[in-house]
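Listed below are the residues making up each chain.
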Amino acid sequence: MDYARFFEEQVSGLKAEGRYRVFTEIMRRVSRFPEAAYYTQRGTRDIVVWCSNDYLGMGQHPTVLAAMHEAIDLCGAGAGGTRNISGNNRFHVLLEQELASLHGTEAALLFTSGYTANMTTLMTLGASIPGCTIFSDSQNHNSMIEGIRHSRAPRMVFRHNDVAHLEELLAQAPVNAPKLIAFESVYSMDGDIAPIEKICDVAEKYNAMTFLDEVHAVGMYGAHGGGVSERDGQSHRITFIQGTLAKAIGVHGGYVAGSRAAVDFIRSFGQGFIFSSSMPPAVAAGARASIQYLKQHNELRDRHQERAETLRQKLAAAGLPAIVTKSHIVPVLVGDAARCKQASDLLLDEHGIYIQPINYPTVPRGSERLRITPTPLHTDAQMDDLVGSLLAVWAKLDLKMSA
Ligand SMILES: *Cc1c(COP(=O)(O)O)cnc(C)c1O
């Protein structure tokens with residue numbers, strides 16, 4: 001076999017479809033977020049980032065940076081091992097306590113990423129609980145899908161956020177069979193929110209466990225940033241709350257939180273946890289400082305929601321096809337992969353505005369979009385500039401305006 005040719009052919013298929021991924025090289029600047037420098041072949045230029053998952057700008061917060069500097073000076077760079085073999089630093093333990101406190105759970109367990117937290121926890125549960133069936137929302141993130149797939153447990157997919165369909169499927173499984181419902185709170189591409197209370201109701205009725213991915217909600221919802229489960233008063237009903245430290249928390253890593261017994265089980269059997277070196281202590285220290293700050297600063301969450309709502313109104317007033325959501329995510333529909341990429345390129349090259357195109361398989365074909373994530377640090381002037389630039393690009397490419 002001609003391996004090189006195989007690789008090239010596969011990739012050129014993506015190029016023909018217009019969904020070959022080109023990474024935009026930027027330099028984030030402390031104290032200037034959401035501004036950044038963009039590296040092009042013709043030198044660098046200043047841009048405004050409108051697609052960051054550093055949703056609250058905590059990645060540059062002085063409190064977080066100070067905690068990280070301090071921890072580096074104290075402990076050095078790496079953790080030096082897995083949690084079991086010399087890599088269980090004091091900062092990991094403190095961060096897990098902080099996470100358990102954030103979610104009101106007995107315990108929490110750190111992973112090197114949110115992806116690994118999902119993959120390892122779902123894989124471990126599905127593979128080790130005899131006869132367990134996993135009920136999975138049709139729009140679950142790839143990390144959950146892969147965890148479920150690798151667990152080899154039987155899987156039933158329910159229609160997105162459709163509790164009646166979920167119940168129909170639960171009723172089909174044997175009454176005494178173990179069951180696990182896997183879903184997210186805020187879905188990151190459409191920005192819609194799961195009916196957590198109703199899902200917990202059917203979970204209890206059918207004695208099913210619940211696994212909730214709060215990656216796009218932690219830090220941003222609830223009185224202390226404990227996610228939509230905190231906002232809705234449902235945290236105590238969730239078996240596993242999963243989150244990331246790399247988005248609104250602004251640093252890196254992932255975790256699950258739950259009862260002492262449930263977390264201890266994953267700690268003891270989860271291979272993606274056991275066999276991977278723990279995160280650098282300074283990363284843990286930074287994440288902890290960020291969570292502690294966010295717990296006490298509701299005004300940042302209010303400002304975040306206000307910014308998203310203001311942008312939605314500005315886009316709607318301009319006739320741009322923004323999807324209406326009840327979250328901080330503002331998607332604008334393009335509906336074609338190649339044109340979505342073109343729109344993104346034009347925004348960056350001609351307007352200094354960075355919004356990565358979102359194409360299949362991240363979203364279904366025909367719903368390609370620009371996914372905008374306004375933060376508390378985006379100003380009105382930056383928003384007006386964004387709207388004007390979008391209008392210019394929409395006119396140039398003859399894209400569809402809102403109905
Ligand atoms: C980003 C993301 C993850 C993975 O988290 P990382 O910490 O980036 O690995 C998991 N679930 C969802 C829904 C995500 O969007």
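Since the structure is predicted, the reported quantities are computational estimates derived from the model, not experimental observations.

Draft legend 1. Layout of the site of the ligand. Around the ligand sit 13 residues in total, of which Gly114, Asp213, His216, Thr244 and Lys247 are the nearest. In the model, a nitrogen atom of the ligand is placed 2.7 Å from a nitrogen or oxygen of the aspartate 213 side chain. Here an oxygen atom of the ligand sits 2.8 Å away from a polar atom, N or O, in the side chain of lysine 247. Protein chains bury 85% of the 380 Å² of accessible surface belonging to the ligand in isolation. Among the elements that line the shell around the ligand, the one with the most residues is helix α4 (residues 114-128), at 3 residues. Counted by class, the shell around the ligand contains 2 nonpolar, 8 polar and 3 charged residues.

Draft legend 2. View of helix α12 (residues 298-318). Taking 1.5 Å per residue as the helical rise, α12 with its 21 residues ought to reach 30 Å, and the 31 Å between its terminal C-alpha atoms agrees with that figure. Looking at α12, one finds that the buried residues are Leu300, Arg301, His304, Arg307, Ala308, Thr310, Leu311, Arg312 and Leu315. Elements that come into contact with the buried residues of α12 comprise α11 (281-295), β11 (330-333), β14 (369-372) and α14 (380-397). Trailing α12 by a residue or two, glycine 319 shows a phi angle of about 80°, which is positive.

Draft legend 3. Quick look at the pairing of strand β7 (residues 179-184). Counting buried positions along β7 yields 6 of 6 residues, so the element is predominantly enclosed. Burial along β7 is two-sided: the residues Lys179, Ile181 and Phe183 and Leu180, Ala182 and Glu184 are all buried. In this structure, strand β5 (residues 133-137) lies alongside β7, joined through 4 bridges in parallel fashion. Across the sheet, serine 136 pairs through a bridge with alanine 182, a residue of β7. The pairing of β7 with strand β8 (residues 209-213) spans 5 bridges and is parallel. Within the sheet, the bridge partner assigned to phenylalanine 183 lies in β8 and is leucine 212.

Draft legend 4. Region of interest: the sheet that holds strand β13 (residues 357-358). What the 3 strands build is an open sheet, ordered β11-β14-β13; its pairing is antiparallel. In the strand order of this sheet, the two ends are held by β11 and β13, each with one partner. Across 2 bridges, β13 lies against β14 in antiparallel orientation. By the bridge assignment for β14, isoleucine 358 is matched with arginine 369. Where α12 meets the sheet, its contacts fall on β11 and β14, and the angle it forms with β11 comes to roughly 20°. The sheet strands contacting helix α13 (residues 337-351) are β13 and β14, and the helix crosses β14 at an angle near 50°.

Draft legend 5. Seen up close, a nonpolar patch on the surface. Where nonpolar side chains cluster on the molecular surface, the patch consists of Met1, Tyr3, Phe6 and Phe7 and spans about 510 Å² of accessible area. Topologically, phenylalanine 6 is positioned in helix α1 (residues 3-17).

Procedures and definitions
Residues numbered from 1 in each chain as written. Predicted model: local features only at pLDDT ≥ 70, side-chain atom pairs only at ≥ 80, totals over all residues. Heavy atoms only, no water. Near = heavy atom within 4 Å. Polar contact = N/O pair within 3.5 Å; in protein donor to acceptor, adjacent residues only side chain to side chain. Areas by Shrake-Rupley, 256 points an atom, 1.4 Å probe, with all protein chains shown as cover. Helix = DSSP H or I, 4+ residues; strand = E, 2+ residues; numbered from the N terminus. Nonpolar A, V, L, I, M, F, W, Y, C, P; charged D, E, K, R; others polar. Expected span 1.5 Å × (residues − 1). Buried < 20%, exposed > 50% of the residue type's maximum accessible area, 1.4 Å probe, protein only. Contact = heavy atoms within 4.5 Å. Pairing = 2+ DSSP bridges. Axes fitted to C-alpha atoms, helices over the stretch in contact; angles between N-to-C directions. Patch = residues over 30% accessible without salt bridge, like charges linked within 9 Å, V, L, I, M, F, W, Y side chains within 5 Å. Salt bridge = Lys/Arg side-chain N within 4 Å of Asp/Glu carboxyl O.

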